[in-house]
Amino acid sequence: MEVKLLSEHYGDDNFKTLEGYKVKGGYEVLPKALKMKPEEIIAEVKASGLRGRGGAGFPTGVKWGFLPNNGETRYLLCNADEGEPCTFKDRMMMEKAPHQLIEGMIISAFAINSPKSYIYIRGEYTYAAKVVEKAIKEAYDAGYLGKNILGSGFDHDMDIYRGAGAYICGEETGMISSLEGKKGQPKLKPPFPAVQGYLKKPTIVNNVETLAAVKYIIRDGADSYKKHGTEKSAGTKLFSVAGDVNKPGNYEVPLGYPLLDLINNECGGIKEGRALKAAIPGGTSAPIITAEEIEKATLDYECLAEMGTMLGSGSIVVMDDTRCMVDMMKVISHFYHHESCGQCTPCREGTGWLHKLVSSVIDGTASVSDIDLLCEVANKMKGRTICALSDAAALPVLGIVPKFREEFEFFIKEGYSKVKGRANA
Amino acid sequence: MLKCTINGKEVEVNEGTSIIEAFKSLDEDIAHYCWHPGLSVAGVCRLCMVEIEGNPRLQIACNTLVTDGMVISNQSEMVKDAVKWGLDFHLINHPLDCPICDQAGECGLQDQYMKFGQYDSEMGQQKVKKKKVVDLGDKIVLDSERCILCSRCVRFTEEVSKTNELGIFNRGDHSEIGTYAGKPLNNDYAVNTVDICPVGALTSKDFRFRQRVWFLKDKPSVCTGCSTGCSVDVYFNQEGLWRVKPRYSEVNGYWMCDEGRKIYKSTNVMNTEFVGVRGEKKAVKVQNRLTQAIHRKDNEVDYFLTSKALENLREDLKSVDKAALVLTGQYTNEEYEALLSYWKSQFKGENVFHWTNHEENWNDFDGLLIRGDKNPNTKGLQSSLEKHGISVEKDFSKLTQLTHVFVAGPENQWVYDDINTKVDIFAKAQKVIWFSAGLVPVSEDLIGNFLFIPTKTFAEKSGTFVNFEGKEQSFEMVESFVSQALSLTEIVSVLQGDSLTWHKPEQVERVHNEFVHERGTM
Amino acid sequence: MFELSTQGQEFVKKELQRYETVESAIIPSLYQVQKENDGWVSEEAIGYLSDFMGIPAARINEVFHFYTMFNKKPVGKYHVQVCCNVACAMAGTREMTKTFLDEYGVKEGEVTEDGRFTFTKVECLGACDKAPMMQINEDYHENLTPESARQLLKELK
């Protein structure tokens, strides 16, 4: 069953305007929040159990707590560089409910005492950027942004910044580099952004969905928010479902919701009544799970971690039994080869190597021992780099190849796809 | 102070020390390419992996600070595996063109392979092809295929020279080092990028294809290029000097200027010069050193052994009581001391001239290392003169009235652009006794009576220079290249009738570098 | 000689003031150059921006080459970017791109003879629920079929 907090008014075309937003109770939480003490808001967010919705799932309140009290200017950055393949939840929120994000951001900025925030929007999202920019202007005109917001004495400025086509800018320090006008290459940690981020100042980077959720946590209270979801995975989450389902789209369900139910109920089952083969549960960076595993999978951080995969950004690619896993692997490894920023050697060289190895299976130049090499290379790329892109490139290999090894062996020995058959070679 | 344990050895380090610095302080081997003590931390080569007790994940030593009681190792199987694979990732797209690569013999990849590698390549796929010979101006050639993208050179032009010529363009395994629109990398410190390049991606036009580094030895010395007095390493073999590289010291940090790198040429008997022949640049061997004593009267030339020439001179001087001495700031304290003592006793310390070069620029400073005084020891000369109570004359028109003129001429003649004018002035004296390491440019039709005595260069003698800030820097003899050359001290000894003793230079090993302390064995 | 329009110059000047550091203006300025230079950025334009913004050319060039949305060579009037990441690839965009290339007789990244099109395969554009999709200049075109896509291209003059 869908539980709509964030996506309640997605159907209302007027909701993206200030007027339409206010009709549905928009900017009613902000005055309440501005009357609270910042530490009360942080405590509420901590108590809600909200975890970062961008992919890493780090507790938001805890992250905010890392800010040092050194009197330096703090920045709040909204990560709207939604690049994880098959994720489109943030784009939709920006296009349909920009004020909800802005309100959540002002509240969050107030909580962490930040005078300036940026929404870093993926370059390709031209339309979303226009909508958000317009909404920011409306918010300024209505006095929700700028000096002395609603007479509270709190000043806050907000701006957007457009990326220009680089997946790595979704990594928080890559995004900071990009915002600083450099190549979007991740920075060494430590120092973490909360201590030294944008321009070496204390910086909090949160995902679009995370910041919007803050509004609802303050509106309803942590206890109410926690009623949704599981003990460790609290609240609702937007899932982007794509692939071989009848009704792909964004669905907001409580965390802990069974994956199979989402596929069969909300998404209307597998296309043309075919059989479910596998699904990637958290963006392409997450290891794949088979139909058998899907039956046991619930959409929360813990269950998926136990299965050796992850919730990630909450994008689900569903694959039916006509899908060739060697082909899927090639598409995925091409992506990481294309997107590696080139900074750390294992990732820069490894992503290309993986892609070439997978391609060689299809080209007919691979030998069976290359399957082991593929896994070995992926293993050695893991945990050895500045950011998680290297892991993100390795994990799909370590999911798909062992689980569908016979498809790779077949391809190498026979020269065509086991699933597609000789006719489609 | 913090205590930590590195590979079982306890060591104390200052707060704020990184693990890699702690390893270096213990002379413990640690694989690395991108880290350089004079640059910011990039943390990208991912080779300096260490295991820290209590931490399940390997950490990079360059970006991890030592904490008190930390137990660190890079000897475990997990670290060795990470380094082995780290090297593998570096090598998969590397062209492995060692036979034609100038870095061979001092290459980080080769050394690391000998230390940690020695295995078969597992990469069977096509390598990424990149540009191989990119001309970056007068000094440097880039081979971007060899580049391992450690970003040292980029950080150098950003952080040290602040000239920002270099960048890494594109991303992933198509990342390539380069300059915008192929602009030259010609800043005054550009060749430092060649030094810090761990592979053969950036090579020096002056050095490339001239020597294999395994035929070279190196010894520490002091740069004679200007009054900064950078600490340097001089690379040499029995034929001569081949290059100069900076050595870390408080004076110059890790760097030196490109101008200073030319000083090796003053020592070589023959130098290769590139001259234009019918529109093409051709390498030509040109004699540089004065290899024996030469007596040149008008256009009659006689050659002597230095000892014989000096004995004759000694006899000659018995009847001379008024002579002039011309000094340049290019000799050591010890030589000034010997020469000025002699001058004092022989000629009452009179008529001493200081031949300066562009004194008006002496206080120039580029903010990094380059100073306007192109003499390594002006300060030493000045204090030696002061000590002997000798005041100097700078008006050279007074010279011509004297019968004998002694000249301790410049070793780096190219910084004395008035040398031809001076030759003409000196020629008017009855006799010119010119101590010089290099051949002095005297035109064929010049009328004059010259005795040229070959002297040693900085590489052939030991001594002390005093730099611009009064810092005394001693250096040892590197090797002897011109057997007939003497230091001024030795010349004075002979003039005083003493005999000379021969000092054999200390023997040194062949070239070593920063990446590994001990070489692998075949 | 490339030069920004007066309006473009004003834009860049404003961007230089807009953020905490001048370097942050590089990306917006490159967008402006691309807009005024028929959809791509020349090497010469980087040099122009460097002088205009007072930022070393190598730094701007690094940024320029890092981001895929800046075109390194001329593109057609319509830059057709077909998503070929997982969901769209499953929906047949790779095959669809091949038919485009065959039909217009060009290779990926080339400009068609009439200057109308450049076809590029791109990574996920975040519209996977409406796969197959492609982006033509700034606009998304979703839920395509091979036929509807061909028709769409035909209508672009």
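Residues numbered from 1 in each chain as written. Chains lettered and ligands numbered in written order. Predicted model: local features only at pLDDT ≥ 70, side-chain atom pairs only at ≥ 80, totals over all residues.

Draft legend 1. Broad picture of the overall build of chain C. Each helix and strand in chain C was counted, giving 7 helices and 4 strands. Going from N to C terminus, chain C has its helices and strands arranged as α-α-α-α-β-α-α-β-β-β-α. Considered along the principal axes of its C-alpha atoms, chain C spans approximately 50 × 35 × 25 Å. In chain C, which comprises 157 residues, the proportion classed as buried is 45%. Considering only residue pairs separated by 6 or more positions, chain C has 58% of its internal contacts joining residues 24 or more positions apart. (Helix = DSSP H or I, 4+ residues; strand = E, 2+ residues; numbered from the N terminus. Buried ≥ 20, exposed ≤ 12 C-beta atoms within 10 Å, placed from the backbone. Contact = placed C-beta atoms within 7 Å.)

Draft legend 2. Here's a closer look at the interface of chain C and chain B. Taken together, the contact pairs 11 residues of chain C with 11 residues of chain B. Among the secondary structure elements, those contributing two or more residues to the side of chain C that touches chain B are helix H3 (43-53) and helix H4 (57-66) of chain C. A class-by-class count of the residues in the side of chain C that touches chain B yields 5 nonpolar, 3 polar and 3 charged. (Nonpolar A, V, L, I, M, F, W, Y, C, P; charged D, E, K, R; others polar.)

Draft legend 3. Structural context of unusual backbone geometry. Note that the residue after A:Lys189, namely A:Pro190, is joined by a cis bond; omega there is -5°. Its place among the elements puts A:Pro190 in the loop between helix H8 (172-179) and strand E4 (203-207). Look at the link from C:Ala131 to C:Pro132: it is a cis peptide, with omega at -5°. Along the chain, C:Pro132 falls in the loop between strand E2 (117-122) and strand E3 (134-136). Within the chain, A:Glu272 stands out as a residue other than glycine whose phi angle is a positive 50°. You can see A:Glu272 is positioned in the loop between helix H11 (259-266) and strand E8 (276-280). Its identity is not glycine, yet B:Asn164 carries a phi of approximately 55°, on the positive side.

Draft legend 4. Summary view of the interface of chain A and chain C. Facing 37 residues of chain A, the contacting portion of chain C comprises 29 residues. Broken down by secondary-structure element, the contributors of at least two residues to the side of chain A that touches chain C are strand E5 (236-243) and helix H14 (325-339) of chain A. With 6 residues, the single largest contributor to the side of chain A that touches chain C is H14(A). Of the residues contributing to the side of chain A that touches chain C, the split by class is 16 nonpolar, 11 polar and 10 charged.

Draft legend 5. How the structure looks around the confidence of the model for chain C. Overall, the prediction assigns chain C a mean pLDDT of 97, with 100% of residues at 70 or greater. Interface scoring of the predicted complex returns ipTM 0.97; its pTM is 0.94. (pLDDT = per-residue confidence, 0-100.)

Draft legend 6. Representation of the sheet that holds strand E16 (residues 293-297) of chain B in the model. Reading across from one edge, E17-E16-E23-E22-E21-E18-E19-E20 (chain B) is the order of the 8 strands in this open sheet, with mixed pairing throughout. Across the chains shown, the open sheet's two edge strands, defined by having one partner strand only, are strand E17 (300-304) and strand E20 (392-393) of chain B. (Pairing = 2+ DSSP bridges.)

Draft legend 7. The packing of H14(A) against helix H15 (residues 345-363) of chain A, seen in detail. Residues and elements named next belong to chain A. Orientation of H14 relative to H15, taken along the N-to-C sense of each, is 155°, at an axis distance of 8 Å. With respect to H15, the axis of H14 lies roughly antiparallel. Note on packing geometry: the crossing formed by H14 with H15 is left-handed. Contact with H14, carried on its side by Val326, Met329, Lys330, Ser333, His334, Tyr336 and His337, involves Thr351, Gly352, Leu354, His355, Val358, Ser359, Val361 and Ile362 of H15 and no other residues of that element. Of the residues that constitute the contact of H14 with H15, the class distribution is 7 nonpolar, 7 polar and 1 charged. (Axes fitted to C-alpha atoms, helices over the stretch in contact; angles between N-to-C directions. Parallel < 35°, antiparallel > 145°, perpendicular 65-115°, else oblique. Left-handed = near helix turned anticlockwise from the far one by under 90°.)

Draft legend 8. Quick peek at H11(A). All names here are of chain A. Those residues of H11 that fall on the buried side of the exposure criterion are Leu259, Leu262 and Ile263. Relative to the axis of H11, the buried residues are bounded by an arc of 95° and lie together on one face. After H11 finishes, the residue glycine 268 shows a positive phi value of roughly 70°. (Arc of directions from axis to C-beta.)

Draft legend 9. Region of the structure containing helix H6 (residues 98-112) of chain A. All names here are of chain A. In this model H6 runs 21 Å from its N-terminal to its C-terminal C-alpha over 15 residues, within 8% of the 21 Å that 1.5 Å per residue would give. With 15 of 15 residues buried, H6 is to be regarded as a mostly interior element. Remark: asparagine 113 follows H6 within two positions and exhibits a positive phi of approximately 55°. (Expected span 1.5 Å × (residues − 1).)

Draft legend 10. Broad picture of the sheet that holds strand E3 (residues 157-162) of chain A. All names here are of chain A. Spatially, 4 strands are ordered E3-E2-E1-E4 in an open sheet, and the strand pairing comes out parallel. Each end of this open sheet is capped by a strand with a single partner; those strands are E3 and E4. Neighbour-to-neighbour, the strand axes of this sheet turn through a mean angle of 20°, independent of strand direction. Its contacts with the sheet place helix H7 (residues 126-141) against strand E2 (116-121) and E3, and it is angled at close to 165° to E3. Packing against the sheet, H8 makes contact with strand E1 (75-80), E2, E3 and E4, and its axis sits at approximately 110° to E1.

Draft legend 11. Structural context of the environment of C:Ile26. Considering the arrangement of structural elements, one finds C:Ile26 in helix H2 (residues 26-36). With residues near it in sequence (within four places) discarded, C:Ile26 still touches A:Gly181, C:Ile55, C:Ile60 and C:Val63.

Draft legend 12. Main features of the environment of B:Leu313. Residues and elements named next belong to chain B. Its location among the elements puts leucine 313 in helix H6 (residues 306-317). Its 22 C-beta neighbours within 10 Å are what place leucine 313 among the buried residues. Spatially, the C-alpha atoms of leucine 313 and asparagine 449 are 13 Å apart, while their sequence positions differ by 136 residues. Setting aside residues up to four positions removed in sequence, leucine 313 forms contacts with Ile433, Leu451 and Leu495.

Draft legend 13. Up close: the packing of H6(B) against helix H10 (residues 488-495) of chain B. Residue and element names in this part refer to chain B. Running from amino to carboxyl end, H6 crosses H10 at an angle of 50°, the nearest separation of the two axes being 9 Å. Of the possible angle classes, the one that applies to H6 and H10 is oblique. Crossing of H6 over H10 shows right-handed handedness. The residues of H10 that touch H6, namely those facing Ser307, Leu310, Leu313 and Arg314, are Ile491, Val494 and Leu495. Class assignment for the residues of the contact of H6 with H10 results in 5 nonpolar, 1 polar and 1 charged.

Draft legend 14. Spatial organisation of the environment of B:Lys394. All names here are of chain B. By the secondary structure assignment, lysine 394 is in the loop between E20 and strand E21 (404-408). The exposure class of lysine 394 is exposed, given the 10 C-beta atoms found within 10 Å. Between the C-alpha atoms of lysine 394 and phenylalanine 169, which are 225 residues apart in sequence, the distance is 55 Å. Those residues in contact with lysine 394, other than ones at most four positions away along the chain, are Phe353 and His354.

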